[in-house]
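# Structure at a glance
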Amino acid sequence: MVVGDISTGTEVLVIGAGPGGYVAAIRAAQKGLDVTLVEKDAYGGACLNRGCIPSKALITASGLAHEAGTAEEMGIHADPAVDLARMIEWKEGVVDRLTGGVEKLCKANGVNLIEGAASFVDDQTVRVAHGGDGQGSESIEFEHAIVATGSRPVEIPGFSFADEHVWNSAAALSAESVPDRLVVGGGGYIGMELATVYAKLGADVTVVEMLEDVLDPYEDDVKRVVRKRAEDLGIEFSFGEGATGWSEASDGGYLVHTETEAGEESTYPADRVLVAVGREPVTDGLDLERAGIETDDRGFIETDDRTRSAVEHVHAVGDVAGEPMLAHAASKEGIVAAETIAGEPAALDQRAIPAAVFTDPEIGTVGMTETDAEEAGFDVAVGEMPFNASGRALTTGHTDGFVRIVADADEGFVLGAQIVGPEASELIAEVGLAIEMGATLEDVAATVHTHPTLSEAVMEAAENAQGQAIHTLNR
Amino acid sequence: MTVKEFRLPDVGEGVAEGELVSWLVAPGDRVEEDQPVAEVETDKALVEVPSSYDGVVEELFVEEGEVVPVGDVIISFRVGGADGASADAESGDTKPTDAEPDDSEPTSVEAESGSPSRRTFAPPSVRRLARELGVDLSAVDGSGPGGRVDERDVREHADAEGSDPDEDDATDPKPVEMDTGDRKSAVSKRGSAEGAGATTAAEPGSGPEPAGRDRTLSTPATRKLANDLGVDLDDVPTDETREGEAFVAEEHVRAYAEASARPDDEAAPPAGEGGSGVETEPTPADPATDAPGETIPYRGVRRTIGERMEQSKFTAPHVTHHDTAEVDALVAARERLKPRAAEVGVKLTYLPFVMKAVLAGLREYPILNSELREEAEEIVLKDEYHFGVAVATDAGLMVPVIEDVDEKGLFELAAEVSDLASRARDRSLAPEELRGSTFTLTNFGAIGGEYATPIINYPETAVLGLGAVEKRPVVRERSGDGTGHEVVPASTLPLSLSIDHRVVDGAVAAEFANVVMDHLEEPLLLLNE
Ligand SMILES: Cc1cc2nc3c(=O)[nH]c(=O)nc-3n(C[C@H](O)[C@H](O)[C@H](O)COP(=O)(O)OP(=O)(O)OC[C@H]3O[C@@H](n4cnc5c(N)ncnc54)[C@H](O)[C@@H]3O)c2cc1C
C-alpha cells in the first residue's frame, strides 16, 4: 500500500485544550466532525493546571485547617499542623485526575490529539511545532479553526516572574513553603483568593491595591463583607497605591515599593510578593495576521454572537476572545463554536453568565444589579435575606453576608442576584436558571425549598421582594 | 422578517441555462449582499452568483450538478433576521433578478425593539427553536404570564409567517444538518425502490415508512442501539405506549434498521410471494448488526490514507507484473560495501541499489516516470527522478520523497532514506518532504512476503514493490557438461510492479522490469547510473 504526500487534514482544528478548547473539540466530535486538538502544554489549560481547580483545592484545604483551629466556640480545641508540601501534592493529585480525564474524554470521543504549539500559515493551514529537541513540526490543513489559547498573568514593570521571590498566581499555587510575609499586588478576585489562602496558612499578608477598595466590579455592600472578614483574618490593606518595584532588605527579605498617584512612596517588608493585577490574552506566536485576523487594542480576538472572528471559518473562544474571562464562559463559547460549525443554530444567547469569587465568604453573582436594571429602564423590585436570619447558616457558624435578588417590578421576572456568604458559588445557580427560564419572583418564592438549607435564603429573598418574607422584616 | 426567494440571474448574453456547479453557502449561513453564494457554469464561463440580500440562507432548491434555467428560484433567504440587522436590504437591489413580491402578506420588518424593559422572556430551549425556525423572538406575542414566550408561541408565529405551505411543517424544522444529517438518517434513506413500491407507492425509494414522531420513549440501551445502527428512534414504528407516549423497544429498532437497510434485490420479494413488499415483522437478527463489536472512528490520517487509496484504485486501472531477480551478485556487492558504508556512518540496505536499477529502467522507459493529466488530456513525462519510499508508521503509511535519485551516490541515498524513514516515524517530516515524487517504491519485504499488488501513488504511473531478499530454489543449467538442469539455492528478490494501464501497457511494464532485473543481477552495471 502506498500513500502520497500526507499533510494531515482535519475538518475542525482546535488550538488550546483549556475549558474553551477541549469542550469545543468534544462537542464537535459528537457532532460527527473530524476534530484535531492541539495543545502545547497541558490538557485542561490554565483552569485545571494553574487556575480554578488548584486554587479551589488550596482554598478548601487552608480553610479546613483554619476552621479546625478556630472552632473553640463549638468546643473544638485544635492546633492543626499544616504540611504544605503534602497539601500541594494532594492538589497535584486532583489536577492530574482531572487533566487525565480530559485527555481520556477527548480520545473516547474520537478527537485527534496533537502536542505542540500551533501557528497559522494562512487561513487554511497551521503549523504545529512539537516540543523538545529535533521533534520538528508538521502542518495541518483545516476547514474550520477554533482559537482557544487562553490568557496569562500580566507582568508589571519592576517585577519579573523570573525572580524566585516574585510570584504569579501559578507560582503561588505550587509554593514550597508558606512565606512569613506575603505582599499581594492587586485586590482582584485572584489576589483576594490567594491572600486568603496564605493568611489562613499563617502568613502575614498585605494587599496593595491601586483603587480604593478590593474586588472592583462588585457592589460596596458585597465587597465590605469580604473585606471585613479578610481584616479579621489579619490581612492588611493599603488602597490607592500601586507597587512599583522591590529592593533587598537587610534582614534577608525584600522591600516592596509602592507609590500613590500623588507620588507618595511607601515600602512593605516581604519574603514573597504575589503580582495578581490581571490577565492578558495569549496570541503571540500564533501568527494570527497570516490568517487575516486582527486583535483589538487589548489583544483580544473580536467575535460575533456565534463566536466567529472576522474570518468566518475561524472562531475564537474563551479568555482569548475577551471578557468575561471565566472558565464556564469559555466552555459555553466552545459549545456554540462547535455547533455553529456543525451547521446548527447555536448562539451566545444566554441572558447572564454567573461569576463566583471563592473568598471567605464567597461571592456569587448573576445577571443585573439593582443599578444595572434601573439603567436598563426596568421598574425594579429588590429583595434581600441576610444569612444571620438563616437557620442553616447559624448551624454552620458562617452568618456573614446576604442574598439579594433583583426583579422586574411589573411582571416579576427575575433579572439578577448578588449573593455573598457561605456557599454563594453554589447558591447562585438557582437564580441563573430562573433568569434563563424567564421565571418570576413568584415562581422562585412558590418553589418549595428544603429546610434547613442555605438555599432557603434565595426563596426568602424572592418573598422579600414581593413584600411577603416570613423570616425577615419586609422593606 | 421575511423570506426572499432568489432566482438564477441572467449571467451572460443570451445564456438560457447554467449548471449549478457548487454551493458556496448552506442553510443557516449568514450572507451579505454581494457575497457569492453559488458557482454556475454556462457554456461560456464559470461565474459566481452574488446574493442580493443581507440575510440568512433558508433553503437551497437546486442540487449541485443540476442544470437550471435562468429565472428559476435557486435559493431563499431570511432577511431582517432575528438580530434585527439590515431589514431593508432588499430595497437596495436593482438587478432584474430581484425577488418577486413576497407572496405572504406584507407583514414583517417589525419595528424592532420597543422600550428597554420589553425584553423578551423565553427559556434557552425556546430561543434556540426560534433561531432554528428563523423567528424573531421580539416579534412573538408570548402567551405566558407577563408575555413569556413558550415553544408553542414560536411555532405558531413561524406558521403564520411562513409563506410556502410545504415548508412550514413546524414539527419538522429544517435544521441545518447538511453534514451530519446524511449520516444519521442514512438508513432510512436507503432501501428499496421496488420493494417499497408495492405497498408505499407514494414514497418510492425508501424502506418502511418512517413514523416521524416528535417524541419517543425508550430505554437508554435501546437509544444506544438506535444510535449505533444509525436509526432515528422517532422514525421507528411501534404500537406500544408508556404514559401515553410511543415506546420503542430494541426489537423494533432492529426490525426497522433491517427493513430499511435491505438492498434492492434482496428486498424485492420473488413474484407471487404474497407481494407484501416491505417486511415490518421482526426477522431473525443479522449477526452483523446483532453484535456490532467495537467501532473505530474512520478519521484523520486513517481516512486520508483511505481517500487516497480510493482515488488511486478507482481512477487508475491497475495491472501488476510479477517477476524475480536472482541477486547473488548483489548480495555479495552489498556485503563488500557494507563496512565501507559503516565507516562513514551509513547503514547500507538493498534499497539504494534498487533505486539505481529503477533509475536505469526509467531512463530506458520514461513512460513509467510520468503522470496522466486527465483534464488536460496529456501524459507528462517527468524529467526528474524523485522517488517516494513508503514507510509504515504508527499513525499510518507515509511516503517521504528522495529527490534527484539520478544525482546521488549509493551511500548518500542510503543515508537519506534512513533519515527520512526515522523522521516519518516520529512525525516530524515537513510537508515538502512528502510531496513531489514521480515514482514510488514500497519495501513490504522488510516485514516479510514475496509478492503483492501495490497501489499506485496517484497520480504517478507506476509503483514497485519489493519482497524479501532470501535464498529460494532456482532452476539453472547444470554447470560443466551443459546436458541438463538442476535446482539450486540462490538469493532472489521478488518484484511486484503495478502500472496505470491507461498510460502504459503490460508489455512495456515487463520490458522495464527486465531492465531493472538486469541491473540487479549484474550490479556492476549500476556504475553507469
Ligand atoms: C488562579 C486562577 C483562578 C481562577 N479561578 C477561576 C474560577 O474559580 N472560576 C472560573 O470560571 N475561572 C477561573 N479562572 C479563569 C480560568 O482559568 C480561565 O477563564 C479559563 O482557563 C479560560 O479557558 P480557555 O480555554 O480560554 O484558556 P486556557 O485555560 O488558558 O487554555 C488555553 C490553552 O491553550 C494552550 N495554548 C496557547 N497557545 C497555544 C498554541 N499556540 N498552540 C497550542 N496550544 C496553545 C495553552 O497551553 C493552554 O493550555 C482562574 C484563573 C486563575 C489564574
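Residues numbered from 1 in each chain as written. Chains lettered and ligands numbered in written order. Predicted model: local features only at pLDDT ≥ 70, side-chain atom pairs only at ≥ 80, totals over all residues. Heavy atoms only, no water.

Threshold: UniProt positions are given in the numbering used here, feature names are shortened, and annotations may be inferred rather than shown by experiment.
For chain B, the name recorded in an unreviewed UniProt entry is Dihydrolipoamide acetyltransferase family protein, with Halorubrum rubrum as its organism. According to the UniProt record, the Sequence similarities (unreviewed entry) comment for chain B is "Belongs to the 2-oxoacid dehydrogenase family." Under the Cofactor (unreviewed entry) heading, UniProt states for chain B: "(R)-lipoate".

Per an unreviewed UniProt entry, chain A is named Dihydrolipoyl dehydrogenase, and its organism is Halorubrum rubrum. Turning to chain A, the UniProt annotation filed under Sequence similarities (unreviewed entry) states: "Belongs to the class-I pyridine nucleotide-disulfide oxidoreductase family." Under Catalytic activity (unreviewed entry), UniProt gives the following word-for-word description of chain A: "N(6)-[(R)-dihydrolipoyl]-L-lysyl-[protein] + NAD(+) = N(6)-[(R)-lipoyl]-L-lysyl-[protein] + NADH + H(+)".

### Structural notes on the overall build of chain A
Cut-off, in case you're wondering: The numbering of helices and of strands both runs from the N terminus, where a helix is a DSSP run of H or I of at least 4 residues and a strand a run of E of at least 2. Accessibility here uses a 1.4 Å probe with only protein chains present; expressed as a share of the type maximum, an area under 20% marks a residue as buried, one over 50% as exposed, and anything in between as partly exposed. Contact between two residues is taken to exist if any of their heavy atoms lie within 4.5 Å; hydrogens are not considered. Per-residue and other accessible areas were derived by the Shrake-Rupley procedure at a 1.4 Å probe size, with only the shown protein chains allowed to occlude residues.
Helix and strand counts for chain A stand at 13 helices and 22 strands. When the 475 residues of chain A are sorted by exposure, 55% land in the buried category. Residue pairs at least 24 apart in sequence account for 61% of intrachain contacts in chain A once pairs closer than 6 positions are excluded. Just so you have it, chain A exposes about 20,000 Å², and 48% of that area is on carbon and sulfur atoms.

### Observations regarding the nonpolar core
We apply this condition: Buried Ala, Val, Leu, Ile, Met, Phe, Trp, Tyr and Cys residues form a nonpolar core when they are joined through side-chain atoms within 4.5 Å.
By size, the foremost hydrophobic cluster in this structure holds 53 residues, and its most contacted members are Met355(B), Val358(B), Phe439(B) and Leu520(B). Listing elements by their share of this core, those giving two or more residues are α10 (328-343), α11 (351-364), β14 (387-389), α12 (410-425), β18 (439-442), β19 (462-466), β21 (485-500) and α13 (506-521) of chain B. Sorting elements by how many residues they give to this core places α11(B) first, with nine residues. Here Met355(B) is in contact with Phe387(B), Val389(B), Ile402(B), Val405(B), Leu413(B), Val417(B) and Leu441(B), once residues within four sequence places are set aside. Formed by 40 residues, the second largest nonpolar core is a distinct cluster that contains Trp167(A), Ala195(A), Val197(A) and Val225(A).

### Digging into the packing of aromatic side chains
The description of two aromatic rings rests on the distance between their centres and on the angle between their planes. Heads up, the rule is: Ring geometry is summarised as follows: Phe, Tyr and Trp rings, the Trp one being its six-membered ring, pair when their centres sit within 6.5 Å, and such pairs are stacked at plane angles under 30 degrees, edge-to-face over 60 and tilted between the two. By definition here, charges over rings are those cases where NZ of Lys or CZ of Arg is within 6 Å of the ring centre and within 35 degrees of the ring normal.
Evaluated as defined, the whole model comprises eight aromatic pairs over all chains. Between the aromatic rings of Trp167(A) and Tyr198(A), the centroid separation amounts to 5.3 Å while the plane-to-plane angle is 45°, which identifies the pairing as tilted. Within this pair, whereas Trp167(A) is found in strand β8 (residues 166-167), its partner Tyr198(A) is found in helix α6 (residues 189-200), the two being separated by 31 residues in sequence. Among the residues examined, Tyr198(A) registers a relative accessible area of 1% and is labelled buried. Judged by centre distance (5.6 Å) and plane angle (85°), the rings of Trp246(A) and Tyr254(A) are edge-to-face. For Trp246(A), a relative accessible area of 28% puts it in the partly exposed group. Looking at Tyr254(A), the relative accessible area reads 19%, which means it is buried. An aromatic cluster is built from Phe387(B), Phe439(B) and Phe512(B), whose rings are joined through pairwise contacts. Over the ring of Tyr350(B) we find Arg334(B), and its NZ or CZ is 4.3 Å from the ring centre.

### Description of the pattern of salt bridges
This is how the line gets drawn: Counted as salt bridges are all cases of a side-chain nitrogen of Lys or Arg within 4 Å of a carboxyl oxygen of Asp or Glu.
Tallied over the entire structure, the rule returns 44 salt bridges over all chains. Residue Glu344(A) pairs with Lys31(A) through a salt bridge whose shortest N-O separation is 3.0 Å. Separated by 313 residues along the polypeptide, Glu344(A) in the loop between α8 (327-341) and β18 (355-357) and Lys31(A) in the loop between α1 (21-30) and β2 (35-39) bring together distant segments of the chain. Note that Glu371(B) and Arg373(B) form a salt bridge whose closest N and O atoms lie 3.3 Å from each other. Each of Arg27(A), Lys31(A), Glu339(A), Glu344(A) and Arg128(B) takes part in salt bridges that share partners, so that together they form one network.

### Thoughts on the site of the ligand
Residue and element names in this part refer to chain A. Here is the rule: Whether a residue is near a molecule or strand is decided by its heavy atoms; if any one of them lies within 4 Å of it, the residue is near. Residues adjacent in sequence count toward polar contacts only when both atoms are side-chain atoms; beyond that, a polar contact is any pair of N or O atoms within 3.5 Å, and within protein one must be able to donate a hydrogen and the other to accept it. Under the scheme applied, nonpolar residues are Ala, Val, Leu, Ile, Met, Phe, Trp, Tyr, Cys and Pro; charged residues are Asp, Glu, Lys and Arg; polar residues are all the others, including Gly. Domain ranges listed in this record stem from an automatic or a database domain assignment.
Around the ligand, a shell composed of 40 residues is seen, among which Gly20, Glu39, Lys56, Asp319 and Ala327 lie nearest. A distance of 3.2 Å is found between a nitrogen atom of the ligand and a backbone nitrogen or oxygen belonging to lysine 40. For the ligand, the accessible surface in isolation is 1,000 Å², of which the surrounding protein chains cover 96%. Looking at side-chain class alone, the shell around the ligand contains 19 nonpolar, 14 polar and seven charged residues. Split by domain, the shell around the ligand shows at least three residues from each of two domains, domain 1 (6-153 + 280-348) and domain 2 (166-277).

### Description of a negative patch on the surface
Here is the rule: Without a salt bridge and with relative accessible area above 30%, a residue can belong to a patch; like charges are then joined within 9 Å and nonpolar side chains (Val, Leu, Ile, Met, Phe, Trp, Tyr) within 5 Å. None of His or the chain ends enter the tally, which takes Lys and Arg as positive and Asp and Glu as negative. Every charge is mapped onto a representative atom, which is NZ of Lys, CZ of Arg, CG of Asp or CD of Glu.
A grouping of Asp372(A), Glu374(A), Glu375(A), Asp379(A), Asp410(A) and Glu411(A) is seen on the molecular surface, where their side chains present a negatively charged patch. Positionally, Glu411(A) belongs in the loop between β21 (402-408) and β22 (414-421).

### As for helix α13 (residues 456-465) of chain A
The buried fraction of α13(A) amounts to ten of the ten residues, a majority that puts the element mostly inside the structure. Positive phi appears at Gly467(A), one or two residues downstream of α13(A), with a value of about 75°.

### Let's talk about the pairing of β21(A)
All names here are of chain A. Going by this rule: Pairing between strands requires that DSSP locate at least two bridges from one strand to the other.
Burial analysis of β21 places seven of its seven residues in the buried class, the great majority of the element. Residues Phe402, Arg404, Val406 and Asp408 point to one face of β21 and Val403, Ile405 and Ala407 to the other, with burial holding for every one of them. Where strand β20 (residues 380-386) meets β21, seven bridges bridge the pair, whose relative direction is antiparallel. Bridging from a neighbouring strand, valine 380 pairs with aspartate 408 of β21. Where β21 lies against β22, six bridges are found, and the strand directions are antiparallel. In the strand pairing of β22, arginine 404 is matched with glutamine 418. Linkage of β21 to β22, two consecutive antiparallel strands, is achieved through a turn of five residues, within which glycine 412 is found at a positive phi near 85°.

### Description of the sheet that holds β21(A)
All names here are of chain A. Put simply, the test is: Here the axes come from fitting lines to C-alpha atoms, over the contacting stretch only for helices, and the angles between their N-to-C directions go from 0 to 180 degrees.
Here we have five strands laid out as an open sheet, ordered β18-β19-β22-β21-β20, and antiparallel in their pairing. In this open sheet, the two edge strands, each paired with only one partner strand, are β18 and β20. Strand-to-strand, the axes of this sheet are offset by a mean angle of 10°, without reference to chain direction. In this sheet, β22 lies alongside strand β19 (residues 362-367) in antiparallel orientation, the contact comprising six bridges. Directly across from glycine 367, in β22, lies its bridge partner glycine 416.

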